[in-house]
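Survey of secondary and tertiary structure
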Amino acid sequence: MANLDEIDKRLLAELQAEGRVTNVELAQRVGLTAPPCLRRVRGLEEDGVIRGYHADLDPSKLGFAITVFAMVSLKSQAESALREFEDHMAGLPEVRECHMLNGEIDFILKIVSQDLQSFQEFLTGKLTPAPNVESVKTSLTIRTSKQVPGVPL
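Let me sum up the structure you'll find in this document. (Residues numbered from 1 in each chain as written. Predicted model: local features only at pLDDT ≥ 70, side-chain atom pairs only at ≥ 80, totals over all residues. Heavy atoms only, no water.)

In contact at an axis separation of 11 Å, helix α1 (residues 6-17) and helix α3 (residues 34-46) are set at 80° when each is read in the N-to-C sense. Classified by the angle their axes make, α1 and α3 are roughly perpendicular. The residues of α3 that touch α1, namely those facing I7, D8, L11, L12 and L15, are C37, R40, V41 and L44. In the contact of α1 with α3, the residues fall into seven nonpolar, no polar and two charged. (Axes fitted to C-alpha atoms, helices over the stretch in contact; angles between N-to-C directions. Helix = DSSP H or I, 4+ residues; strand = E, 2+ residues; numbered from the N terminus. Parallel < 35°, antiparallel > 145°, perpendicular 65-115°, else oblique. Contact = heavy atoms within 4.5 Å. Nonpolar A, V, L, I, M, F, W, Y, C, P; charged D, E, K, R; others polar.)

If you want it as structure tokens, here you go:
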């Protein structure tokens, strides 16, 4: 875990809430001048605490009307099989998140798709034939009531 002081935590909270804030505005918000603020932010980037900056896109306005969570069980949990599956998922743009789990299910995937037909094609053409897949159970989201990126600071 990174050794962060209160100013670093305030910088991170501000950037997490508004990644497009200017350095001058960010410095004012946390009580610094611009040069030390920029040095701190660059240090947090270099240390990997800040991994990147992203736009929050509305999937439905871009034609992705459905979000599905898929619970995937694999035939083998050998490290090579796990990595092969993860590598395969990394190459599928519809898979937005891939998390390995402890317990009965090996992975949970967050998948976006334009409609049920395109999701069905993805499921049968790309996901179930993926390396080492034993079974897939899916749940279609009805609505999203909370979606907050980052961590509580």
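Let us look at helix α5 (residues 116-127). For α5, the full list of buried residues reads S118, F119, F122, L123 and L127. Down the axis of α5, the buried side of the element spans an arc of 140°, and every buried residue falls inside it. Against the buried residues of α5 lie β1 (66-74), α4 (79-90), β2 (95-100), β3 (107-113) and β4 (133-140). One side-chain oxygen of the residue at the start of α5 lies 3.2 Å from the amide nitrogen of Q117, identifying that residue as D115. (Buried < 20%, exposed > 50% of the residue type's maximum accessible area, 1.4 Å probe, protein only. Arc of directions from axis to C-beta. Polar contact = N/O pair within 3.5 Å; in protein donor to acceptor, adjacent residues only side chain to side chain.)

The next point concerns the pattern of salt bridges. Summed over the entire model, instances satisfying the criterion amount to 10 salt bridges. Note that R40 and D5 form a salt bridge whose closest N and O atoms lie 3.0 Å from each other. A residue pair is termed long-range when its members are at least 10 positions apart, and R40 in helix α3 and D5 in the segment before α1 qualify at 35 residues. On the accessibility criterion, D5 (33% relative accessible area) is partly exposed. Several salt bridges share partner residues, and in doing so they unite E14, E18, E25 and R29 into one network. (Salt bridge = Lys/Arg side-chain N within 4 Å of Asp/Glu carboxyl O.)

With antiparallel pairing, four strands are arranged side by side in an open sheet as β2-β3-β1-β4. Across the chains shown, the open sheet's two edge strands, defined by having one partner strand only, are β2 and β4. Looking at each pair of strands side by side, their axes are set apart by 20° on average, direction ignored. Where β1 lies against β4, seven bridges are found, and the strand directions are antiparallel. Residue M71 lies in a different strand from β4, and its bridge partner there is K137. (Pairing = 2+ DSSP bridges.)

Just distances and angles here, no functional claims.
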